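Survey of secondary and tertiary structure
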Amino acid sequence: MVYPMQFNIATLALRLSFGLSMALAHGLPKLMNFAEMSPGFADPLGIGPVPSMAFVVFAEFFCALLVAFGVLTRYSAIPVIIVMAVACFHIHGGADWGTREASFLFGIAFLAMSLLGSGRFSLDYLVFKKR
């Protein structure tokens, strides 16, 4: 299927803005401070604070970067969606909307990217579509 140029520019804008924002503003600080933050990290799934934080770092940093560059975008967005849903509805579930809003909006944006795919301006396109 051939998409119009506006679709490809829109998917690029979504991937770069939300992917890089998630990776650099949320994932990177957790990755850089993993040893200090992990013992007291929230454990909503009962797997322990260190594995919980490892999954969050994997999603917020590594998967978000994959989405930003358009690498297996539909699949790379799924861990981020899961982490944002847990953050919005469990970790911040009793908080006011202002506290929950960022995780909700990131979750919706990554859900949209998972449904839309990476578009033409992506590494996915370079690797898989040009064969």
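Above this text you will find the structure in question.
Residues numbered from 1 in each chain as written. Predicted model: local features only at pLDDT ≥ 70, side-chain atom pairs only at ≥ 80, totals over all residues. Heavy atoms only, no water.

Some remarks on the environment of Arg15
Topologically, Arg15 is positioned in helix 1 (residues 5-32). Between the C-alpha atoms of Arg15 and Phe110, which are 95 residues apart in sequence, the distance is 8.4 Å. Sequence-distant contacts of Arg15, defined by excluding residues within four places in its chain, comprise Leu20, Val67, Ala68, Phe69, Gly70, Thr73, Met113, Ser118, Phe121 and Ser122. There is a polar contact of 2.7 Å between the side chain of Arg15 and the backbone oxygen of Ala68. In this structure the side chain of Arg15 is engaged in a polar contact, spanning 3.0 Å, whose partner is the backbone oxygen of Ser118. (Helix = DSSP H or I, 4+ residues; strand = E, 2+ residues; numbered from the N terminus. Contact = heavy atoms within 4.5 Å. Polar contact = N/O pair within 3.5 Å; in protein donor to acceptor, adjacent residues only side chain to side chain.)

Section: the packing of aromatic side chains
Counting across every chain of the model gives 4 aromatic pairs. For the ring pair Phe55 and Phe58, a centre distance of 6.4 Å and an interplane angle of 35° mean the geometry is tilted. Linking Phe55 with Phe58, this pair stays in helix 3 (residues 49-69), spanning 3 residues, or about one helical turn. A centroid spacing of 5.3 Å and a plane angle of 65° characterise the contact between Trp97 and Phe104, whose relative ring orientation is edge-to-face. (Phe/Tyr/Trp six-rings, centres within 6.5 Å; stacked < 30°, edge-to-face > 60°.)

Side note on the nonpolar core
Judged by nonpolar contacts, the single largest core of 16 residues is most densely connected at Met22, Val80, Met84 and Phe110. Among the elements of the structure, helix 1, helix 3, helix 4 (73-91) and helix 5 (97-116) are those that each provide at least two residues to this core. Broken down by element, this core gets its largest block of residues, 6 residues, from helix 3. The contacts of Phe110, once residues within four sequence positions are left out, are Phe18, Gly19, Met22, Ala64, Val67, Ala77, Val80 and Ile81. (Core = buried A, V, L, I, M, F, W, Y, C linked by side-chain atoms within 4.5 Å. Buried < 20%, exposed > 50% of the residue type's maximum accessible area, 1.4 Å probe, protein only.)

Brief notes about a nonpolar patch on the surface
Nonpolar side chains collect at one region of the surface, where Phe55, Phe58, Phe62, Phe69, Leu72, Tyr75, Ile78, Ile82, Leu123, Leu126, Val127 and Phe128 lie side by side and expose about 1,200 Å² of accessible area between them. Secondary structure elements with two or more residues in the nonpolar patch: helix 3, helix 4 and helix 6 (123-129). Mapped onto the elements of the fold, Leu72 is located in the loop between helix 3 and helix 4. Relative accessible area serves as the criterion here: at 44%, Leu72 is assigned to the partly exposed category. (Patch = residues over 30% accessible without salt bridge, like charges linked within 9 Å, V, L, I, M, F, W, Y side chains within 5 Å. Areas by Shrake-Rupley, 256 points an atom, 1.4 Å probe, with all protein chains shown as cover. Salt bridge = Lys/Arg side-chain N within 4 Å of Asp/Glu carboxyl O.)

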